[in-house]
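Each chain, letter by letter, is given below.
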Amino acid sequence: MAGALDGVRVLEFSEIIAAPTTGMVLADMGADVIKVEPPWGESWRLNLQFVPLESRGFIAVNRGKRSLPLDMTRPEAREIAHALVKQMDVVLVNYRPDVPAKLGIDYETLSAINPRIVYGEATAFGTEGPHAMRPGYDLIAQAVSGLITNDQKFVDGVPSLYQSTPFVDYLTGSALASGVIAALFARERTGRGQKVETSLLQSALTMQGLRSIWIEVVDAERQADFVGDIQRMRRERKSIGDAVDRYNEFQGRKPGNQRYFYRTYATADGAIAIGCLSTPLRKRLLDVLGIEGTGDLADTGPSDADDEIMVRAVDIITGKTTDEWIAAFDAAGVPAGQITFAEELWDDPQVLANDMAVEVEHSLVGRVRMASPLAKLSDTVAEPATASPALGEHTDEILGELGYDSDRVEALRRMGVTS
């Protein structure tokens, strides 16, 4: 069965995680995605290789694509890229904003070649402004967006990663994919392509929910005072610990403060997570735990009463096994789950029942099991066709489609234009 994007052709100039994730999402939905990387391999392919030129990170975000190595600093490579653009529907890039023009793959250049092209661009900080030309990764986006300061994790007195999984990258890749698909839909009505932009900073801000919103009537004076204090502390060279203390005061919480109804607990044989974000759910939780006399259960912010309940809950929950608590919480309708490791999930009955894992065959390393496509479509099924490509696996095939004969392809290899 053809995918929803069957017939859509994508040329991807990208590396690491964000835009490669976009390309993988489009490939899962049936698009023909050509991955362009240097003849020596992109950096994520070379990171923690377990066989030459293959890494787990690269395989994770590049399935379903064809590989075309090109040294885009060479005019011969640009000639190939521009010839391909004439046949493409989508181009993906995730470099600093000044890099695409240097390589001849900026929107202005490519839209002049093909006005119907949808050009998806992911950057670290956006394409305008004082920080636009800075390079950036997930960690940097977590830092500059405030995500890191929202958690109470410190290493040697310095706020540490909010989350080691690069979730800012993955959200950015998914956001770019949705924007590209929307632009393709718009093109069906207008006949025109367009540029689609997103950034790691935009994703990091979007994910912060309660923090990334400003309401004048309650925040104008209060936030201005807080920001002024933080900036004064920097001028006075105060420690980051002092700034975090001021932040906790601003948020009305104590260092390390957790809510008894939204946290993790140790059990007799492991650990569980409990999340009760409504008054009825909190009542059910306390009923199961046998904790009475708690008064108003509405969430009005951290309180001493919360702390007292949490101390009692910690003691109670350690007295039974994970399975016993999950059974009790399930019976009462309390949201809870066992804390596991991702490696345990490949044979998990819930994952298997919902087809959340998929197996693909890699040309070099054999069978690969990985998470299946995020979205499931009932008619135009999203289904990975292949694993990630080996470097240069499709060079002859793709250049042959452009009319290059085998002698010319070999000459380009000898010149180092491709591999």
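Only a predicted model underlies this, so the values are computations on that prediction, with no experimental measurement involved.

Chemist: Before we move on, could you go through the layout of surface pockets and cite the residues and values that matter?
Modeler: In this structure, the second largest pocket spans a volume of roughly 1,700 Å³. As for the second largest pocket, its lining consists of 46 residues, and the residues nearest its centre are Ala60, Tyr170, Trp346, Met370 and Ala371. Listed by contribution, the elements that provide at least two residues to the lining of the second largest pocket are α1 (18-28), α3 (56-61), α7 (138-144), α8 (167-190) and β15 (366-371).

Chemist: Describe helix α17 (residues 406-415), listing the residues and the values that go with them.
Modeler: At the N-terminal end of α17, a side-chain oxygen is found 3.3 Å from the backbone nitrogen of aspartate 407, two or three residues along, and the residue is aspartate 405. Note on α17: the residue one or two positions beyond its end, glycine 416, has a positive phi of about 85°.

Chemist: Could you give an account of the pattern of salt bridges, with specific residues and numbers?
Modeler: For the coordinates displayed, the defined rule picks out 27 salt bridges. Linking arginine 66 and glutamate 401 is a salt bridge whose minimum nitrogen-to-oxygen distance equals 2.9 Å. Linking arginine 66 in strand β5 (residues 65-69) with glutamate 401 in helix α16 (residues 395-401), this pair joins segments that are 335 residues apart in sequence. Take arginine 66: its relative accessible area is 11%, and that puts it in the buried class. Since its relative accessible area comes to 43%, glutamate 401 is described here as partly exposed. The closest approach of N and O atoms between arginine 187 and aspartate 89, which form a salt bridge, is 2.8 Å. Within this pair, whereas arginine 187 is found in helix α8, its partner aspartate 89 is found in the loop between α4 (75-85) and β6 (90-93), the two being separated by 98 residues in sequence. A relative accessible area of 5% places arginine 187 in the buried class. The exposure class assigned to aspartate 89 is buried, which follows from its relative accessible area of 14%.

Chemist: Explain unusual backbone geometry residue by residue, including any values.
Modeler: Phi at leucine 48 is positive, roughly 55°, even though this residue is not glycine. Structurally, leucine 48 is set in the loop between α2 (43-46) and β3 (49-51). Positioned with a positive phi, aspartate 355 is a non-glycine residue whose angle comes to about 50°. Looking at where aspartate 355 falls in the secondary structure, it is placed in the loop between α15 (349-353) and β14 (357-362). Its relative accessible area of 52% is what places aspartate 355 among the exposed residues.

Chemist: Go over the side chain of serine 67, please, and point to the residues and values.
Modeler: On the secondary structure map, serine 67 appears in strand β5. Taking the relative accessible area as the measure of exposure, serine 67 reaches 0% and is therefore buried. Polar side-chain contacts of serine 67 include one of 2.9 Å to the backbone nitrogen of glycine 392. With sequence-adjacent residues up to four places away left out, serine 67 is seen in contact with Lys35, Glu37, Arg45, Pro389, Ala390, Leu391, Gly392, Glu393, His394, Thr395 and Ile398.

Chemist: Account for a nonpolar patch on the surface, with residues named and values stated.
Modeler: A contiguous nonpolar patch, built from Tyr137, Leu139, Ile140 and Val144 and spanning about 360 Å² of accessible area, is present on the exposed surface. Within the secondary structure, tyrosine 137 sits in the loop between β7 (118-123) and α7. With relative accessibility at 48%, the residue tyrosine 137 sits in the partly exposed group.

Chemist: Tell me about the nonpolar core, residues and numbers included.
Modeler: Leu11, Phe13 and Val91 are the most contacted members of the largest nonpolar core, which totals 29 residues. Per-element tally for this core: the top contributor is α4, with five residues. The residues contacting leucine 11, other than those within four sequence positions of it, are Ile34, Val36, Ala81, Leu84, Val85, Met88, Val90, Val91 and Leu92.

Chemist: Account for the side chain of threonine 267, with residues named and values stated.
Modeler: Its place among the elements puts threonine 267 in the loop between β11 (262-266) and β12 (271-275). At 2.7 Å, the side chain of threonine 267 forms a polar contact with the side chain of threonine 322. Not counting residues up to four positions away in its chain, the partners in contact with threonine 267 are Ile272, Ile317, Thr318, Lys320, Thr321, Thr322 and Trp325.

Chemist: Give me the sheet that holds strand β2 (residues 32-37): which residues, what numbers.
Modeler: With parallel pairing, six strands are arranged side by side in an open sheet as β5-β2-β1-β6-β7-β10. Edge positions in the sheet fall to β5 and β10 (195-199), since each of these pairs with one other strand and no more. Taking the axes of each pair of neighbouring strands and ignoring which way they run, one obtains an average angle of 20° across the sheet. Across four bridges, the pairing between strand β1 (residues 9-13) and β6 is parallel. Considered in β6, the bridge of phenylalanine 13 is made with valine 93. Against the sheet, α1 makes contact with β1, β2, β5 and β6, and its axis sits at roughly 150° relative to β6, the strand it touches most.

Chemist: Before we move on, can you summarise the environment of proline 69 with the specific residues and values?
Modeler: With respect to the secondary-structure elements, proline 69 resides in strand β5. When its relative accessible area of 0% is taken as the criterion, proline 69 is described as buried. Measuring from C-alpha to C-alpha, the distance between proline 69 and glycine 416 comes to 9.7 Å, with 347 residues separating the pair along the chain.

Criteria and thresholds
- Residues numbered from 1 in each chain as written.
- Predicted model: local features only at pLDDT ≥ 70, side-chain atom pairs only at ≥ 80, totals over all residues.
- Heavy atoms only, no water.
- 1 Å grid on protein atoms, 1.4 Å probe; cavity = no way out; pocket = protein on both sides within 12 Å on 5 of 7 lines; lining within 4 Å.
- Points joined across faces, edges and corners; volume = space filled by probe spheres on them.
- Helix = DSSP H or I, 4+ residues; strand = E, 2+ residues; numbered from the N terminus.
- Polar contact = N/O pair within 3.5 Å; in protein donor to acceptor, adjacent residues only side chain to side chain.
- Salt bridge = Lys/Arg side-chain N within 4 Å of Asp/Glu carboxyl O.
- Buried < 20%, exposed > 50% of the residue type's maximum accessible area, 1.4 Å probe, protein only.
- Contact = heavy atoms within 4.5 Å.
- Patch = residues over 30% accessible without salt bridge, like charges linked within 9 Å, V, L, I, M, F, W, Y side chains within 5 Å.
- Areas by Shrake-Rupley, 256 points an atom, 1.4 Å probe, with all protein chains shown as cover.
- Core = buried A, V, L, I, M, F, W, Y, C linked by side-chain atoms within 4.5 Å.
- Pairing = 2+ DSSP bridges.
- Axes fitted to C-alpha atoms, helices over the stretch in contact; angles between N-to-C directions.

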